[in-house]
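Here's the letter readout for the chains.
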Amino acid sequence: MSEHQPLFSGADWDFEKVQRVYGAIEEIAKGELGLVTYPNQIEVITAEQMLDAYSSIGMPLMYKHWSFGKHFARDESLYRKGMRGLAYEIVINSSPCISYIMEENSMPMQTLVIAHAAFGHNHFFKNNGLFKQWTDAKGILDYMEFAKGYIAHCEERHGHQAVERVLDAAHALMSHGVHKYPRKRTPDLADEERRASERRAYQEKMFNDLWRTVPKGPTSRKGSEELAERKRRLGLPEENLLYFLEKMAPKLAPWQREIIRIVRKISQYFYPQKQTKMMNEGCATFVHYTIVNRLHEMGKLSDGAMLEILHSHTSVVFQPDFDDRRYSGINPYALGFAMMQDIRRMCENPTAEDRTWFPEIAGNGDPFGTLRQAWADYRDESFVLQFLSPALIRKLKLFKIHDVSAKPEMDVAAIHNERGYREVRKALAQSYDIAHLEPDIQIVDVDLAGDRRLIVHHLVEKGQLLDEAEATRVLRHVANLWGYEVRLLEIEAETEVVLKTHEDVGPSASL
Amino acid sequence: MNIIDRRLNPSGKSLANRQRFLRRARAQIVKAVRDASGSRSILDIGNGEKISIPADGLREPSFRRASQGGIRDYVVPGNKEYVEGDHIKKPEKEDGGEGGSEGSPDGEGQDDFAFVLSREEFLDIFLDDLELPDLVKKKMKQTESSVPSRAGYSVTGSPANLNIVRTMRNSLSRRIALKRPKPADLALLEEEIRALDESGDDPERLSALRLEFDRLVARSRRVPYIDPLDVRYSRFEHVPRPVTQAVMFCLMDVSGSMTEHMKDLAKRFFMLLYLFLSRRYRQVDVVFIRHTHEAEEVDEETFFYSTETGGTVVSTALAEMKRVIDERYPPADWNIYGAQASDGDNTSSDNPRTVGLLEDMILPACQYFAYVEVGAEYKDWLGRDSDLWRTYKQVLKPEGNLAMRRVRVRSQIFPVFRDLFSKERNDNATWAAGGEGI
């Protein structure tokens, strides 16, 4: 391909052009940006198939559930009314990495999409630490195949309604069905013995007969010991509600536990995506932007194609101001892309301010290396905390609002000035922290001796209680799985003051 | 890199999900569909329908924080005038300044859930658990439109049906079996002969080759490339397709006493019946007969929208119906349904003749005959039954195929219709010509 020959002309695409463009993009992505990706598989689909993929949370294989039908009906009616366009692509974190591209896309759009999904997202999936730790890209499609088959089999054996009941409940708890930290390995016998002897040795060393003479509260002590023992046995407190119910719910049949497990696994699989939405999109957007610009520089993209690409690029990274009617939160594409462009700027053309704030990267001359490092080691929260620069805060004119519900007015707590940078940055980072985004719900105790009531706590942060109606509905689902009543208490995290007690919810009438 | 074209994959992957969704929301959907049918022109009822159902039972709840209360910090872009320490008045409705990332992932709270039902789905639900009475008598008629279906191969047939694959396969195996020389071998031999001929080296071999060549040519003439024996034709058998067909007679009194309102009620009832029949039968003919003191068969437009003046003689309509049946719809071939709408007036002297016609001619020919008495919306029922009602009541039998109902307002149409055709109808109760439908 000569330096001045565009890779294609016109809007129509065909497989040969896609192949050619893919080759050119790959050259830049691997050669210049140094991306490392899973092998790619690009699949061309129709708009209807795209809607299909939407409704089943983007997975090519999914078990059947009414909620997916509901999403499909809603998306379809929105799409038909023209209220919503379809995504240009969907990409799946699997190996090979599957990117769906729509047949309606023009050739410039396909170019953009391939750079965005097949290289941007793909690189992020393969290299980001969270994905490496939590997801198994090679196994996911096989697992989904199994899940789909297993649930279909259960429907045949136990009836649609019985399966639906379990799935509904599991879906309601999906966001509280992930392990946030690697689990403690269950100790084996040798381990146990070693620890027991260590403990004994320690006790012998610390033995002091005087302790025996200290008076102690006889009954309460015993109660708390029992509680501690029970909690230890049940692995309480447990914030992975699905895990607890799967392992401990007394009334579930094995197939029901397996279904919960399937939902839990899927939830866990998507857990990194929730935490890296902004970075992931930013990475993909940065990659496509850099690549198409290079292609254009090299004369491989015609001006017309470039204009079309830039047009969609611009609408993707559009960030309306807070007082704009179109404002609906911070656009993850916009923020991610802006931060990564900013990092590139700092690496290449740092200002004095950058040198003070980011001495380790300012002017290091290796923007792509720096970015690759960031893509590998950070998630949204830590990425903002680490890399959001004063220059970008000024550019976006970010400011922080402090809102106390009791007061009639909100305060402007910090703006884009010397005093406010750190505070704005910290607050923005926190808004991406999944630990703050989702309420902290834990199973704390079970009344095993009595009525087997499950006790669940919500550790309230900043006085934000749960949505009551929703909570009651979810509790119903919890009770359906647990089989007995469930009680939810909302407790102030710092002071352990009970703010609100929900009514006990029992299981709904069984089928 | 692989590119895979998935566009031709079977579509409707989420059909199973949709069915589950419809089943889940069935109760609400049924209600919405019934409501929609009350408020809307019957003419569109057969089309797909956008319906809204309450989100109850379709919620996908999750633990999430309430949208208000507590202490919240937001970071938002686009500061224009604020400096640190400013106070912003909260918007009246507490959602303007929110970060946007909160709230339900679906963006649906108390709202109804709106979506589009396809025509098929709509009718399925709309006419669910209704059944045609007396299907036993359903006649099969063999129409001329029989369907060709494949039935193996034959040695005779029209050239259009020549099955080339079969023919060539036979030809090939025969040629192999009979050792027909291949054209390529012949060409080689010919080449060799020509070469020998030109050089004149080996006359003995040349003549042997020539003999061989002649033998092979003769053989390939004897063993033809395609023999009539090889030829096969695809065979089709004409399978007569039984077609159930129905004709529906709409009888209506159009004398001056029938108001627009009454006609509207009648029309709705007829439309429902038509929809229902057309779901059960491949072909449904509709015959419109209007009557005053005389009856005539008319087209739909005239039937519903033109007014006539004159007395009311019901028997004329029945006689006309009888004439049309005799002329065009032999009861042996057609399922005949009659639906009559009237305000109940009849000339008293006509009643015996009406009864006679109905009992002796019409009912024996019909699968089902429904009489709907339409009343004025505002007028309360007088204590006594109308002329026609009393007349028809004489004919009514528990096992008979005559049904009578009264309708006064639009919303009663569907319940009455359901009542007439519902599967689990209690015969005795239904046939006793009870008062108003519901």
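All values reported here derive from a predicted model rather than from experimental measurement. (Residues numbered from 1 in each chain as written. Chains lettered and ligands numbered in written order. Predicted model: local features only at pLDDT ≥ 70, side-chain atom pairs only at ≥ 80, totals over all residues.)

1. As for the overall build of chain B
Rule in force here: Helix and strand assignments follow DSSP, with helices taken as H or I runs no shorter than four residues and strands as E runs no shorter than two, numbered in order from the N terminus. Counting other C-beta atoms within 10 Å of a residue's C-beta gives its exposure: the residue is buried at 20 or more, exposed at 12 or fewer, and partly exposed in between, where C-beta atoms are placed from the backbone.
Counting secondary structure elements, chain B contains 13 helices and 15 strands. Scored against the burial criterion, the 438 residues of chain B give a buried share of 29%.

2. With respect to the packing of helix α9 (residues 314–328) of chain B against helix α10 (residues 351–365) of chain B
Residues and elements named next belong to chain B. Stated formally: To define axes, lines are fitted to C-alpha atoms, for helices over the stretch in contact only, and angles between the resulting N-to-C directions are given on a 0 to 180 degree scale. We call two directions roughly parallel when the angle between them is under 35 degrees, roughly antiparallel when it is over 145, roughly perpendicular when it lies between 65 and 115, and oblique otherwise. Each crossing is labelled by how the near helix is turned from the far one, with a counterclockwise turn of less than a right angle marking it left-handed and a clockwise turn marking it right-handed. Each residue gets a C-beta atom placed from its backbone, and two residues are in contact if those atoms lie within 7 Å. Residues were grouped as follows: Ala, Val, Leu, Ile, Met, Phe, Trp, Tyr, Cys and Pro as nonpolar; Asp, Glu, Lys and Arg as charged; and all remaining residues, including Gly, as polar.
Direction vectors running N to C along α9 and α10 enclose 25 degrees, while the axes themselves pass 9 Å from each other. With respect to their mutual orientation, α9 and α10 come out roughly parallel. As α9 runs across α10, the sense of the crossing is left-handed. Across the interface between the two elements, V314, S315, L318, A319, M321, K322 and I325 from α9 touch R353, T354, L357, L358, M361, I362 and A365 from α10. Per-class residue counts for the contact of α9 with α10 are 10 nonpolar, 2 polar and 2 charged.

3. With respect to the environment of V292(A)
Residue and element names in this part refer to chain A. Residue placement: V292 occurs in helix α13 (residues 277–297). On the basis of neighbour counts, which here come to 24 C-beta atoms within 10 Å, the residue V292 falls in the buried class. Residues V292 and H116 lie 176 residues apart in sequence; the distance between their C-alpha atoms is 9.9 Å. Leaving out residues up to four positions away in the same chain, V292 has contacts with T111, L112, A115, L301, M306 and I309.

4. A look at the domain arrangement of chain B
Note the threshold: Residue ranges for the domains originate in an automatic or database domain assignment.
As far as domains go, chain B holds domain 1 (20–58 + 111–128), domain 2 (153–236) and domain 3 (242–431). Relative placement of domain 2 of chain B and domain 3 of chain B: their C-alpha centres are 77 Å apart.

5. Digging into the nonpolar core
Residue and element names in this part refer to chain A. For clarity, the cut-off: When buried Ala, Val, Leu, Ile, Met, Phe, Trp, Tyr and Cys residues are joined through C-beta atoms within 7 Å, the set is termed a nonpolar core.
One finds I25 and I259 to be the most contacted residues of the largest nonpolar core, which totals 154 residues. For this core, the element with the most residues is helix α4 (residues 107–127), which contributes 11 residues. In contact with I25, other than residues within four places in its own chain, are I114, A115, F119 and I291.

6. Looking at the packing of helix α11 (residues 241–248) of chain A against helix α12 (residues 254–275) of chain A
Residues and elements named next belong to chain A. The geometry of α11 relative to α12 is characterised by a closest axis approach of 9 Å and an angle of 160 degrees between their N-to-C directions. Comparing the axis directions of α11 and α12 gives the class roughly antiparallel. For the pair α11 and α12, the sense of crossing is left-handed. Here α11 contributes L242, Y243, L245 and E246 to the contact with α12, which in turn contributes R257, I260, R261, V263 and R264. For the contact of α11 with α12, the residue count by class is 5 nonpolar, no polar and 4 charged.

7. Topic: the interface of chain B and chain A
Just so we agree on the cut-off: Strand pairing is assigned whenever DSSP detects at least two bridges linking the two strands.
Counting residues at the interface gives 53 residues for chain B, matched by 74 residues for chain A. Partitioned by chemical class, the residues of the side of chain B that touches chain A number 20 nonpolar, 16 polar and 17 charged. Judged from the 4 bridges that link them, strand β1 (residues 40–45) of chain A and strand β1 (residues 2–5) of chain B form a sheet pairing that is parallel. Its bridge partner being in β1(B), E43(A) is matched across the sheet by I4(B).

8. What about the pairing of strand β14 (residues 368–374) of chain B?
Residue and element names in this part refer to chain B. The cut-off we apply is this: Classification remark: right-handed applies to a crossover when, strands pointing away from the viewer, the course from the first strand over the helix to the second runs clockwise.
Burial analysis of β14 places 7 of its 7 residues in the buried class, which makes it a mostly covered element. Bridging between strand β13 (residues 335–342) and β14 involves 6 bridges; their strand directions are parallel. Residue S342 lies in a different strand from β14, and its bridge partner there is E373. Regarding topology, α10 serves as the crossover connection from β13 to the parallel β14, and that connection is right-handed. In the sheet, β14 pairs with strand β15 (residues 402–407) via 6 bridges, with the strands oriented parallel. Each bridged residue has a counterpart across the sheet, and for Y371 the counterpart in β15 is M404.

9. Notes on the environment of L172(B)
Residues and elements named next belong to chain B. Here L172 lies in helix α4 (residues 164–177). Given 14 C-beta atoms within 10 Å, L172 falls into the partly exposed group. A C-alpha to C-alpha distance of 8.3 Å links L172 and Y225, two positions 53 residues apart in sequence.

10. A closer look at the sheet that holds strand β8 (residues 486–492) of chain A
Hydrogen bonds along the backbone pair up the strands of a sheet, which may run parallel or antiparallel. Residues and elements named next belong to chain A. Spatially, 4 strands are ordered β6-β7-β8-β9 in an open sheet, and the strand pairing comes out mixed. Looking at strand neighbours, the two that pair on one side only are β6 (440–446) and β9 (498–501), the edges of this open sheet. Ignoring strand direction, the axes of neighbouring strands in this sheet form an average angle of 25 degrees. Sheet analysis places β8 next to β9, joined by 3 bridges and oriented antiparallel. Counterpart to I491 in the pairing with β9 is V498. Helix α22 (residues 468–482) rests against β7 (454–460) and β8 of the sheet, and its axis sits at about 130 degrees to β8.

11. What about helix α1 (residues 15–24) of chain B?
As a reminder, the rule being used: It is the directions from the helix axis to the C-beta atoms that the arc portrays.
Of the residues making up α1(B), those classed as buried are N17(B), R18(B), R20(B), F21(B) and R24(B). Buried positions in α1(B), seen along its axis, are confined to an arc of 160 degrees and lie on one side of it.

12. Thoughts on the sheet that holds strand β4 (residues 87–89) of chain B
Strand order across the open sheet formed by 4 strands is β3(B)-β4(A)-β5(A)-β4(B), with antiparallel pairing between neighbours. Each of the sheet's edge strands pairs with one partner strand only, and the pair in question is β3 (71–76) and β4 of chain B. Strand-to-strand twist across the sheet, computed as the mean angle between neighbouring axes with direction ignored, equals 30 degrees. Where strand β5 (residues 409–414) of chain A lies against β4(B), 3 bridges are found, and the strand directions are antiparallel. Looking at the pairing, E409(A) lines up with K89(B) of β4(B).

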